[in-house]
Amino acid sequence: GNSVTQMEGPVTLSEEAFLTINCTYTATGYPSLFWYVQYPGEGLQLLLKATKADDKGSNKGFEATYRKETTSFHLEKGSVQVSDSAVYFCALSDQDFNKFYFGSGTKLNVKP
Amino acid sequence: GAVVSQHPSWVICKSGTSVKIECRSLDFQATTMFWYRQFPKQSLMLMATSNEGSKATYEQGVEKDKFLINHASLTLSTLTVTSAHPEDSSFYICSAPGGRATYNEQFFGPGTRLTVL
């Protein structure tokens, strides 16, 4: 079956620190992979996505590379800001299209 | 990008009453919409797939008689929590696929927080 596993939080970093949030997946076929961000009191927003192996998604300084050999899609940012404090969800959609499977979410706290 | 709205954004009700939550795609049509439930500090759990013109498809373990879903039009899906109980208190989120121009991307509503007293 399909599933997503991501590192547990919370992750607490100082401003300008390097961020990595690990995400691995199990899937049949060729899934697309996503990172969503949820700010306090708001809904989910798409942060970035990759639709095939070796694709790199990037947005707002965040990057993630679709690694089929390691079934991973780790999220990275070189220098975090206080405004990046949020909950980050890794997700995949399978070939049935549109059915999403989410990881448990990782809360990021960035301190000034 | 495509916008999905939900109404209400929060609701408080008494145990035993029913609550209706609306999910609308504002600038696109969606023949399919999805309903999720999010528990505190946990991930989203897919509850059901709402299909315009046909019955909803429920995930294993979700009571279809308790969570009634109606896809009334190409832009509106409703979730009715019937005979609500405190354990139904949660954050309910809907989503819709954005169509060909946004291949394989889901757009999420802002969520509805339900509190059952």
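Residues numbered from 1 in each chain as written. Chains lettered and ligands numbered in written order. Predicted model: local features only at pLDDT ≥ 70, side-chain atom pairs only at ≥ 80, totals over all residues. Heavy atoms only, no water.

Visitor: Go over the overall build of chain A, please, and point to the residues and values.
Guide: The secondary structure content of chain A amounts to zero helices and twelve strands. Seen in sequence order, chain A has helices and strands lined up from the N terminus as β-β-β-β-β-β-β-β-β-β-β-β. Summarising its shape, the C-alpha atoms of chain A cover approximately 45 × 30 × 20 Å along the three principal directions. In chain A, buried positions account for 45% of the 112 residues. Here the analysis covers contacts within chain A between residues at least 6 apart in sequence; of these, 56% occur between residues at least 24 apart. (Helix = DSSP H or I, 4+ residues; strand = E, 2+ residues; numbered from the N terminus. Buried < 20%, exposed > 50% of the residue type's maximum accessible area, 1.4 Å probe, protein only. Contact = heavy atoms within 4.5 Å.)

Visitor: Give me the sheet that holds strand S8 (residues 76-81) of chain B: which residues, what numbers.
Guide: Residue and element names in this part refer to chain B. Read across the sheet, four strands follow the order S1-S3-S8-S7 without closing on themselves; strand pairing throughout is antiparallel. Looking at strand neighbours, the two that pair on one side only are strand S1 (4-7) and strand S7 (67-73), the edges of this open sheet. Shown here is a sheet whose adjacent strand axes are inclined to one another by a mean of 20 degrees, direction ignored. In the sheet, strand S3 (residues 19-25) pairs with S8 via six bridges, with the strands oriented antiparallel. Bridging from a neighbouring strand, Cys 23 pairs with Ser 77 of S8. (Pairing = 2+ DSSP bridges. Axes fitted to C-alpha atoms, helices over the stretch in contact; angles between N-to-C directions.)

Visitor: Give a description of the interface of chain B and chain A that names residues and reports values.
Guide: Each partner contributes to the interface: chain B provides 18 residues, whereas chain A provides 18 residues. Each partner contributes to the roughly 1600 Å² buried at the junction of chain B and chain A, and carbon and sulfur atoms together form 55% of this total. If you look at where chain B meets chain A, you find zero salt bridges. Summed over the shared surface of chain B and chain A, the result is two residue pairs in polar contact (both at pLDDT 80 or more). For the side of chain B that touches chain A, the elements supplying multiple residues, two or more each, are strand S4 (32-38), strand S5 (44-51), strand S9 (90-97) and strand S10 (106-108) of chain B. (Buried area = accessible area lost by both parts, 1.4 Å probe. Salt bridge = Lys/Arg side-chain N within 4 Å of Asp/Glu carboxyl O. Polar contact = N/O pair within 3.5 Å; in protein donor to acceptor, adjacent residues only side chain to side chain.)

Visitor: Give me the lowdown on the state of the cysteines, citing residues and values where you can.
Guide: Residues and elements named next belong to chain A. Here the structure, examined in full by the defined rule, presents two disulfides over all chains. Two residues, Cys 23 and Cys 90, share a disulfide whose sulfurs are 1.9 Å apart. Taking the torsion about the S-S bond as the criterion, the Cys 23 to Cys 90 disulfide, at about -70 degrees, is left-handed. One end of the pair, Cys 23, is in strand S4 (residues 23-26); the other, Cys 90, is in strand S10 (residues 86-93), and 67 residues separate them in sequence. (Disulfide = S-S within 2.5 Å.)

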